[in-house]
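Structure at a glance
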Amino acid sequence: MAGPPAVIWKREVEGLLRYRELVPRLEEALGKFSSRDPAEVIQPVRTTVPLQKHHGFIGLMPTYMENKGVLCTKFVCFYKREDGSNLPSTQATVVLLDPEMRTAAVSAISAKLLMCPEAEVLAILGTGAQALSHYNVFTEMFSFKEVRVWSRTGEGSERFCRSVSGPVTVCVSAEEAVRGADVIVTVTRCTEPVLFGQWVKPGAHVAAVGACRPNWRELDDVLMKEAVVYADSREGALTESGDVILSGAEVFAELGDVINGTKPALREKTTVFKSLGMGVEDAVSAQLVFDQWEAKSCKS
Ligand SMILES: NC(=O)C1=CN([C@@H]2O[C@H](COP(=O)(O)OP(=O)(O)OC[C@H]3O[C@@H](n4cnc5c(N)ncnc54)[C@H](O)[C@@H]3O)[C@@H](O)[C@H]2O)C=CC1
Ligand SMILES: O=C(O)C1=NCCCC1
């Protein structure tokens, strides 16, 4: 990466990143992370400073991938959006990063590994930025017969339906959205459970993406205790996930352990993938954007 620093803004990053190239790179990176080989990935659990007044935090997510020659860090700020604000609740500055796409792509990897092969119904709880990127990658990678969505507010669902290109069933309650669903994605900013085990079909796969602080929840104890729990990072989940810490649920495996073949993918069981987000995901996404950007710049 010699030469002057390149500043690549969100719009250009969106044009350069494609899920079909990003997903295999992330899959490889998750495996490397779980091998705990320092020549592959050095990535501490993120350092955070709480922003109590804004119900959020600022986080630092450094990562070094020696064998790949990738050194990357992200500053991420997450806060409660004020009513009427158009600003996203998660804002980040990374050396070449798209935070939304990489989170959704990792959830899609969890579904690829853990959902039942005949999955027909996808339910998404929440209708913000993450909901949109999850809709995009899940409908690109899989063929669901129905996609349901639920938001606390009617405007949220309306905005979501206008933003996506395919059909969506809008549900009036979280329960209505998830009953009978094969795959459930929780992408809310809530701090109390929004998804309850008694609603979840046995054998369903849940990608739990919100609730990234030790005292925040999206899932109730029943679900956390009944399901087999996977995480992106075991240490991350035990440090940051209220759903894991407060329920006392065991983390069965990292996604990377499944990719490496050291832990099984228990598709027939109800599974939860607890996503917290990792620096290594930013590093490989950033590298992919940079490679694409450089290739395009060389041509022109
Ligand atoms: N695991 C990861 O790698 C990442 C996780 N996140 C998390 O994903 C979640 C969603 O992020 P964005 O889509 O960017 O946020 P957003 O602000 O764009 O959307 C949040 C959604 O949650 C809903 N919501 C807020 N409070 C709620 C409540 N009490 N009950 C039910 N719904 C509620 C809002 O109506 C909205 O639909 C956040 O918790 C964020 O921290 C974000 C980025 C990466
Ligand atoms: O990994 C990230 O980036 C984030 N994770 C949790 C919420 C803020 C952003």
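By the naming in an unreviewed UniProt entry, the protein chain is Ketimine reductase mu-crystallin, taken from Dissostichus mawsoni. Within the UniProt record for the protein chain, the comment given under Subunit (unreviewed entry) is "Homodimer. Binds the thyroid hormone triiodothyronine (T3); T3 binding inhibits enzymatic activity."

Here we come to the site of ligand 2. Residues in close proximity to ligand 2 total seven residues, the closest being Val76, Phe78, Thr90, Cys212 and Gly277. Elements with a contribution of two residues or more to the shell around ligand 2: β3 (70–78) and β4 (90–94). Residue composition of the shell around ligand 2, by class: five nonpolar, two polar and no charged.

What follows deals with the site of ligand 1. For ligand 1, the set of nearby residues contains 28 residues, the closest of which are Gly128, Gln130, Cys190, Gly210 and Gly277. Where the shell around ligand 1 is concerned, the elements lending two or more residues are α3 (99–114) and α4 (129–141). For the shell around ligand 1, the element with the most residues is α4, which contributes three residues. Residue composition of the shell around ligand 1, by class: eleven nonpolar, 14 polar and three charged. Two domains each donate at least three residues to the shell around ligand 1, and these are domain 1 (10–99 + 281–299) and domain 2 (101–277).

Taking 1.5 Å of rise per residue, the 17 residues of helix α2 (residues 19–35) would be expected to cover 24 Å, and the 24 Å separating its terminal C-alpha atoms lies within 8% of that figure. One or two steps after α2, the chain reaches arginine 36, where phi turns positive at roughly 55°.

The rules behind the values
- Residues numbered from 1 in each chain as written.
- Chains lettered and ligands numbered in written order.
- Predicted model: local features only at pLDDT ≥ 70, side-chain atom pairs only at ≥ 80, totals over all residues.
- UniProt positions renumbered as here; feature names shortened; annotations may be inferred.
- Near = placed C-beta within 6 Å.
- Helix = DSSP H or I, 4+ residues; strand = E, 2+ residues; numbered from the N terminus.
- Nonpolar A, V, L, I, M, F, W, Y, C, P; charged D, E, K, R; others polar.
- Domains from an automatic or database assignment.
- Expected span 1.5 Å × (residues − 1).

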